[in-house]
Amino acid sequence: MLLSSMTNYFEFTNTEWEAITLSLQVAFWSALLCLPFAIFTGWFLARRKFKAKFLLEGFINLPLVLPPVATGFILLLLLGRNGLIGQFLDEIFEIKIAFSYYAAVIASMIVAFPLSVRSMRLSIEMIDPAYEEAAKTLGANRWQSFFRITLPLALPGLISGFILAFARSLGEFGATIIFAGNIAGETQTLPLALYSAIQVPGQETTAFRLLIIAVLFSFVAMAGSELLVKKLHHRKHKA
Amino acid sequence: MTTLSIDIKWSRDNFNLDMKANFSDGITGIFGASGAGKSSLLQLIAGLEKPDKGQIAIGNDVLDNCETKQFTPAHKRKIGYVFQEGRLFPHMNVQQNLLFATRYIRENKQQISLDEVVKLLEIGSLLKKLPKQLSGGEKQRVAIGRSLLSSPRLLLMDEPFSALDTSLRRQIIPYLIKINQKLKLPILVVSHDLPDLLNLSQKLLLVKNGQIIAQGNYLDLIEQDLLINIMEESGLNNMISFRIERIETDYFELSKTTPKGQIRIKRNKKLQHFEKGDEINVSLRPEDIAIALNQVKDVSIRNQLEGTILQIIKHGNQTYCLVDVGFKLLVTITETSRQSLKLFQGETVWCLFKSMALKVNV
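Per an unreviewed UniProt entry, chain B goes by the name Molybdenum ABC transporter ATP-binding protein and belongs to Ancylomarina salipaludis.

**Re the overall build of chain A**
Looking only at helices and strands, chain A has twelve helices and zero strands in total. With the C-alpha coordinates aligned to their principal axes, the bounding extent of chain A is approximately 70 × 55 × 30 Å. Per-residue burial for chain A yields a buried fraction of 41% across its 239 residues. Sequence-distant contacts in chain A: of pairs separated by 6 or more residues, those separated by 24 or more amount to 74%.

**So, the interface of chain B and chain A**
With 22 residues of chain B in contact, the opposing surface of chain A contributes 16 residues. With three residues, the single largest contributor to the side of chain B that touches chain A is strand E7 (residues 79–82) of chain B.

**Here we look at helix H9 (residues 155–170) of chain A**
The terminal C-alpha atoms of H9 of chain A, which comprises 16 residues, lie 23 Å apart, in line with the 22 Å expected from a rise of 1.5 Å per residue. Most of H9 of chain A sits inside the fold, with 14 of its 16 residues counted as buried.

**Focus on the sheet that holds strand E20 (residues 348–353) of chain B**
Sheet strands pair via backbone hydrogen bonds, and the direction of the pair is either parallel or antiparallel. All names here are of chain B. Here five strands make up an open sheet; going across it, the order is E16-E20-E17-E18-E19 and the pairing antiparallel. Here the strands that pair on one side only, and so sit at the sheet edges, are strand E16 (290–292) and strand E19 (328–334). Going from strand to strand, the sheet's axes swing by 45° on average, the running direction of each strand aside. Taken together, the seven bridges between strand E17 (residues 303–315) and strand E18 (residues 318–324) define a ladder with antiparallel strand orientation. Of the residues in E18, the one forming a bridge with isoleucine 313 is tyrosine 320.

**A few points about the confidence of the model for chain B**
All names here are of chain B. The pLDDT averaged across chain B works out to 88; a share of 94% of its residues lies at or above 70. Confidence, read as mean pLDDT per element, is least for helix H8 (residues 228–234) in chain B (68) and greatest for helix H2 (residues 94–98) (96). In the model output, the complex is listed with pTM 0.81 alongside ipTM 0.81.

**So, the nonpolar core**
If you look at the biggest cluster of nonpolar residues, it comprises 151 residues, and the most contacted ones within it are Ala107 of chain A together with Leu156 of chain B. Sorting elements by how many residues they give to this core places helix H6 (residues 101–125) of chain A first, with 14 residues. In this structure, this core is formed jointly by two domains, domain 1 (4–237) and domain 2 (240–360) of chain B, each of which donates at least three residues. Excluding anything up to four places from it in sequence, alanine 107 of chain A contacts Gly72, Leu75, Glu172, Ala175, Thr176, Phe179 and Ala180 of chain A.

**Some points on the sheet that holds strand E14 (residues 261–267) of chain B**
All names here are of chain B. Taken in spatial order, the five strands line up as E14-E13-E12-E15-E21 in an open sheet, and their pairing is antiparallel. The two strands at the open ends of the sheet, each matched to only one other strand, are E14 and strand E21 (359–360). Bridge count between strand E12 (residues 238–247) and strand E13 (residues 252–258): four bridges; the pairing is antiparallel. Directly across from arginine 246, in E13, lies its bridge partner glutamate 253.

**Notes on the domain arrangement of chain B**
Residues and elements named next belong to chain B. Under the domain assignment used here, chain B contains domain 1 (4–237) and domain 2 (240–360). Distance between the C-alpha centres of domain 1 and domain 2: 31 Å. At the interface, ten residues of domain 1 touch twelve residues of domain 2. Elements supplying a minimum of two residues to the side of domain 1 that touches domain 2: helix H5 (172–183) and helix H7 (218–223). Element by element, the count of residues in the side of domain 1 that touches domain 2 is highest for H7, at three residues. For the side of domain 1 that touches domain 2, a count of residues per class yields six nonpolar, two polar and two charged.

**So, helix H5 (residues 84–93) of chain A**
H5 of chain A sits mainly on the outside: one of its ten residues count as buried. One or two residues past the end of H5 of chain A sits glutamate 94 of chain A, with phi positive at roughly 55°.

**A few points about the pairing of E14 of chain B**
Residue and element names in this part refer to chain B. As defined by bridge partners, E13 adjoins E14 across seven bridges and the pair is classed as antiparallel. Looking across to E14, one finds that threonine 257 is bridged to glutamine 262. Counting the residues in the hairpin turn of E13 and E14 gives two residues.

**Points about the environment of asparagine 199 of chain B**
Topologically, asparagine 199 of chain B is positioned in helix H6 (residues 194–200). For the pair asparagine 199 of chain B and glycine 29 of chain B, spaced 170 residues apart in sequence, the C-alpha to C-alpha distance is 10.0 Å.

Rules used throughout
Residues numbered from 1 in each chain as written. Chains lettered and ligands numbered in written order. Predicted model: local features only at pLDDT ≥ 70, side-chain atom pairs only at ≥ 80, totals over all residues. Helix = DSSP H or I, 4+ residues; strand = E, 2+ residues; numbered from the N terminus. Buried ≥ 20, exposed ≤ 12 C-beta atoms within 10 Å, placed from the backbone. Contact = placed C-beta atoms within 7 Å. Expected span 1.5 Å × (residues − 1). Pairing = 2+ DSSP bridges. Axes fitted to C-alpha atoms, helices over the stretch in contact; angles between N-to-C directions. pLDDT = per-residue confidence, 0-100. Core = buried A, V, L, I, M, F, W, Y, C linked by C-beta atoms within 7 Å. Domains from an automatic or database assignment. Nonpolar A, V, L, I, M, F, W, Y, C, P; charged D, E, K, R; others polar.

See the structure below:
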């Protein structure tokens with residue numbers, strides 16, 4: 001009796017399923033698309049010395065502390081239909097970004113980017129540049145030594161950067177609701193669906209189900225990332 | 001290789017390097033204290049640093065020319081660099097490390113194959129291991145092999161003796177001699193340890209405070225009184241090149257033939273990494289040699305070489321005699337002995353030493 005009522009309890013509605021799968025998709029794509037930028041920026045911050053570094057760092061880390069709603073608003077100002085870039089995209093290419101699936105991905109990317117960069121940077125800083133020097137004396141140019149030496153050695157950072165960005169995207173709310181809206185089936189990710197369910201009286205069951213899923217996803221992502229980083233960092237990079 | 005010539009100025013953080021030299025084939029030892037600029041010199045030659053002024057060239061191939069702002073990047077120089085710590089790539093196994101450079105060289109330009117390198121350096125059993133599973137000496141051999149497989153025209157070695165335990169540090173010497181002799185690859189070896197360096201080569205470049213103080217054969221430098229100060233600290237030594245006559249499982253025999261006779265050495269020890277006919281360096285400390293005015297008949301010392309005193313060098317409390325016995329031999333005596341024997345330049349004397357004083361450095 002109790003078991004069957006429990007399984008009934010976890011029979012998701014269509015909207016709920018959509019929110020869950022959409023969340024996973026948005027999180028996956030934003031984490032993945034973050035990576036190339038994060039690899040480059042992380043490498044740049046780790047290997048280059050210049051005076052204005054603190055300015056660049058401050059700018060990159062801005063989404064970490066800025067209210068996500070503000071981040072969303074900035075995105076809207078830039079990429080919205082009347083935004084600086086949005087207007088141009090709309091007129092020339094007839095591309096409308098705001099309030100679309102892509103907007104949800106972009107909002108997540110921006111918010112997750114600092115985490116991804118930080119992880120890449122720490123990982124690259126741990127790699128002795130001496131290896132890259134050795135690769136050069138063996139005939140590898142800068143790119144070859146980056147792809148054969150630096151990047152493989154930074155793999156722990158790459159993986160943990162991906163997972164952190166993925167987890168952060170799963171929880172993304174503020175920037176998404178402003179920039180991508182709360183359109184069921186298109187931009188309504190799990191946190192947004194949860195928010196909607198809480199707002200409407202009588203949706204407590206939905207809200208509770210989504211809550212459980214949110215906790216579960218976040219926990220698996222964070223615990224998994226910890227585990228991976230520990231495992232990978234244990235293979236010490238000492239030759 | 002045709003000659004490597006450098007004529008460069010370079011400064012970093014209050015350190016000024018100003019060097020001009022030519023290097024020919026063979027093994028050249030670059031000796032100097034820590035911070036003298038030896039490693040900087042190697043980095044400049046390898047293209048890991050750019051000179052501020054001057055030129056670096058191998059034969060007619062100009063690598064760096066500061067006037068025309070021409071700098072060949074490190075990866076295009078074909079100069080092998082064996083770093084002190086080896087710098088094996090930790091995420092690759094030994095074989096992957098060895099083959100790292102091969103994809104940047106056309107197959108018909110490969111000077112040496114993986115099999116040959118493995119055989120030469122005896123690293124066949126290590127191929128599937130990761131760098132962290134190797135001992136210091138093994139890492140170093142793999143690093144050398146990795147460099148050789150990039151088909152360099154010149155090999156630079158930074159402190160090859162200091163990464164190893166004292167008892168093992170000289171194990172690398174036979175390999176380097178083989179590489180030089182069999183591959184005809186010139187080698188520049190940097191070290192702050194003169195006795196170790198002398199086991200490898202008697203061609204020296206002395207570096208101090210970013211400048212070259214002398215370049216030449218070790219005994220010539222001693223004759224010019226350039227080395228005694230430096231060498232007294234680390235212990236003066238005669239380095240004599242012997243020929244390997246016989247290698248058996250439990251003993252080996254070496255010989256040195258001079259116009260005035262022959263010295264033979266037999267040691268009850270296994271001699272590895274060498275073949276019959278190879279040259280091998282034997283050291284003999286100047287204080288282990290005695291000088292007599294005549295051949296001494298009733299004495300147990302068998303090695304008695306007749307020679308002429310080329311030079312008498314007084315240095316502090318010590319007196320050194322440089323004697324030509326078919327090769328140059330440095331002998332330490334006290335000033336009292338010199339006076340009582342009335343030794344002078346050009347005099348014929350006999351140099352006596354026990355066979356056991358000859359140290360075979362393998």
